[in-house]
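# Chains, contacts and geometry: an overview
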Amino acid sequence: MVCYRSDKSTRNGHTMFKTGDLDRWLDNGEIEPLGRKDGQVKISGVRIKIHGVSASVEFFRPFGASPTYM
């Protein structure tokens, strides 16, 4: 898995690290965060996989599926 790619915003040969974050450039040059592409959240500096939380809840709860919302 390649974690670096060319930085298209500078066009000077610099590279960017692929973090999994989704965002977009605004017209004023700022970056607007949109979320993550892998369904993870960060809580107190720790990455949590949402589907892992759902699976754990379903395992310990005797009544079927448990919806987890981001």
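The structure under discussion appears in the preceding block.
Please read these numbers as outputs of a predicted model, since none were measured by experiment.

The rules we used
- Residues numbered from 1 in each chain as written.
- Predicted model: local features only at pLDDT ≥ 70, side-chain atom pairs only at ≥ 80, totals over all residues.
- Heavy atoms only, no water.
- Phe/Tyr/Trp six-rings, centres within 6.5 Å; stacked < 30°, edge-to-face > 60°.
- Helix = DSSP H or I, 4+ residues; strand = E, 2+ residues; numbered from the N terminus.
- 1 Å grid on protein atoms, 1.4 Å probe; cavity = no way out; pocket = protein on both sides within 12 Å on 5 of 7 lines; lining within 4 Å.
- Points joined across faces, edges and corners; volume = space filled by probe spheres on them.
- Nonpolar A, V, L, I, M, F, W, Y, C, P; charged D, E, K, R; others polar.
- Buried < 20%, exposed > 50% of the residue type's maximum accessible area, 1.4 Å probe, protein only.
- Salt bridge = Lys/Arg side-chain N within 4 Å of Asp/Glu carboxyl O.

### So, the packing of aromatic side chains
In this structure the tally under the stated criterion is 1 aromatic pair. Measuring from centroid to centroid gives 5.2 Å for Y4 and F17, while their planes differ by 70 degrees, and the two rings are edge-to-face. Separated by 13 residues along the polypeptide, Y4 in strand β1 (residues 4-6) and F17 in strand β2 (residues 15-17) bring together distant segments of the chain.

### What to know about the layout of surface pockets
One number sums up the size of the largest pocket: a volume of about 420 Å³. In terms of lining residues, the largest pocket is bounded by 16 residues, among which R5, M16, F17, D21 and D23 are the most central. For the lining of the largest pocket, the secondary-structure elements that each account for two or more residues are β2 and β3 (21-25). The greatest single-element share of the lining of the largest pocket, amounting to 5 residues, is contributed by β3. In terms of residue class, the lining of the largest pocket is made up of 5 nonpolar, 3 polar and 8 charged.

### Structural notes on the environment of I50
Mapped onto the fold, I50 is located in helix α1 (residues 50-60). I50 sits in the buried class, given a relative accessible area of 15%. Placed 12 residues apart in sequence, I50 and D38 show a C-alpha to C-alpha distance of 9.3 Å.

### Here we look at the pattern of salt bridges
Scanning all chains against the criterion turns up 3 salt bridges. For D21, the salt bridge goes to R36, with nearest N and O atoms at 3.0 Å. Pair noted here: D21 is in strand β3 and R36 is in strand β4 (residues 31-36), with a separation of 15 residues, a long-range link. Of the residues examined, D21 reaches a relative accessible area of 37% and is grouped as partly exposed. Taking relative accessible area as the criterion, R36 reaches 16% and is therefore assigned buried. R24 serves as the salt-bridge partner of E32, at 2.6 Å between the closest nitrogen and oxygen. By relative accessible area, which is 46% here, R24 ends up partly exposed. Beyond isolated ion pairs, a larger network of salt bridges with shared partners links D21, R36 and D38.

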